[in-house]
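Descriptive analysis of the structure
Each chain, letter by letter, is given below.
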Amino acid sequence: DFRGENFVDVADINWDELLPQKKFFFAKKQKKETLFIFDDNQDHLKRILHLHKIGVAHAIFDDNYMPGVGPAFSVKDACDGTGHLRQ
């Protein structure tokens, strides 16, 4: 459990340590079948790129604001067709 007093950002977790290499096939399969749920108002694109890098295929984002609205880049921003990235 990485919530509350034990909080660790998903990008800071050592997934290879959490899911040992000797069980690599299981770890790879487990990551592909894991659903990450984000409610952290962070840049969705950065989260998606990180999840892809570690082999996770499924994510749900709370606070998926309309394009140009909200504190962070959202999936709707990515899909609106304008190509505008926030800095």
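Residues numbered from 1 in each chain as written. Predicted model: local features only at pLDDT ≥ 70, side-chain atom pairs only at ≥ 80, totals over all residues. Heavy atoms only, no water.

**What to know about the overall build of the protein**
Formally: By the criteria applied, helices consist of DSSP H or I runs no shorter than four residues and strands consist of E runs no shorter than two, each listed in order from the N terminus. Only protein chains enter the accessibility calculation, which uses a 1.4 Å probe; a residue is then buried when its area is under 20% of its type maximum, exposed when over 50%, and partly exposed in between. Note on definitions: a residue-residue contact is assigned when non-hydrogen atoms from the two residues lie within 4.5 Å. In this description, accessible areas are obtained by the Shrake-Rupley approach with a 1.4 Å probe, and a residue is regarded as covered only by the protein chains that are shown.
Secondary structure summary: the protein contains four helices and two strands in total. In the protein, which comprises 87 residues, the proportion classed as buried is 24%. The long-range fraction of contacts in the protein, counting pairs at least 24 apart against all pairs at least 6 apart in sequence, stands at 37%. As presented, the protein carries roughly 6600 Å² of accessible surface, and 56% of it is formed by carbon and sulfur atoms.

**Some points on the environment of Asp-77**
By the secondary structure assignment, Asp-77 is in helix α4 (residues 75-79). Along the chain, Asp-77 and Leu-45 lie 32 residues apart, while their C-alpha atoms are 9.4 Å from each other.

**Focus on the packing of aromatic side chains**
As a reminder, the rule being used: Two aromatic rings, drawn from Phe, Tyr or Trp (for Trp, its six-membered ring), form a pair once their centres lie within 6.5 Å of each other, and the interplanar angle then sorts them: stacked below 30 degrees, edge-to-face above 60, tilted otherwise.
One pass over the structure, following the stated rule, counts two aromatic pairs. Seen from their ring centres, Phe-36 and Phe-38 are 6.1 Å apart, and the 15 degrees between their planes marks the pair as stacked. Pair check on accessibility: Phe-36 and Phe-38 agree, each one buried. Ring geometry for Phe-38 against Phe-61: centres 5.2 Å apart, planes inclined by 15 degrees, an arrangement best described as stacked. In this pair, Phe-38 sits in strand β1 (residues 35-38) while Phe-61 sits in strand β2 (residues 58-61), placing the two residues 23 residues apart along the sequence. With relative accessibility at 6%, the residue Phe-38 sits in the buried group. Taken together through their ring pairs, the aromatic side chains of Phe-36, Phe-38 and Phe-61 make up a single cluster.

**Re helix α3 (residues 44-54)**
Using the following cut-off: As used here, the arc is the angular range of directions from the helix axis to the C-beta atoms. The term polar contact refers here to a pair of N or O atoms within 3.5 Å; inside protein, the definition further demands a hydrogen-donor-capable atom paired with an acceptor-capable atom, and it admits residues adjacent in sequence only when both atoms are side-chain atoms.
Of all the positions in α3, only His-44, Arg-47, His-50, Leu-51 and Ile-54 are classed as buried. Along the axis of α3, the buried positions cluster into a sector of 130 degrees, meaning they face one direction only. Turned more than 90 degrees off the buried face of α3, the exposed positions are Lys-46, Leu-49, His-52 and Lys-53. Regarding α3, its N-cap is Asp-43, as a side-chain oxygen of that residue lies 2.8 Å from the backbone nitrogen of Leu-45 further along. The first or second residue beyond α3 is Gly-55, which carries a positive phi of 95 degrees.

**Focus: the layout of surface pockets**
Let me state the cut-off plainly: Lining residues are defined by having an atom within 4 Å of a point belonging to a cavity or pocket. Those points lie on a 1 Å grid over the protein atoms alone, cavities being sets where a 1.4 Å probe fits but cannot get out and pockets being open sets with protein on both sides within 12 Å along at least five of seven lines. Grid points are joined across faces, edges and corners, and a volume is the space filled by probe spheres set on the points. For this classification, the nonpolar set comprises Ala, Val, Leu, Ile, Met, Phe, Trp, Tyr, Cys and Pro, the charged set comprises Asp, Glu, Lys and Arg, and every other residue, Gly included, is treated as polar.
What the largest pocket holds in volume is close to 480 Å³. For the largest pocket, the lining is made up of 22 residues, of which Val-8, Val-10, Ile-13, Phe-36 and Ile-37 are closest to its centre. Elements with a contribution of two residues or more to the lining of the largest pocket: α1 (15-18), α2 (24-32) and β1. Sort the elements by how many residues they give to the lining of the largest pocket and β1 lands first, with four residues. For the lining of the largest pocket, a count of residues per class yields 12 nonpolar, three polar and seven charged.

In short, the description is geometric, and any link to function would need to be established separately.
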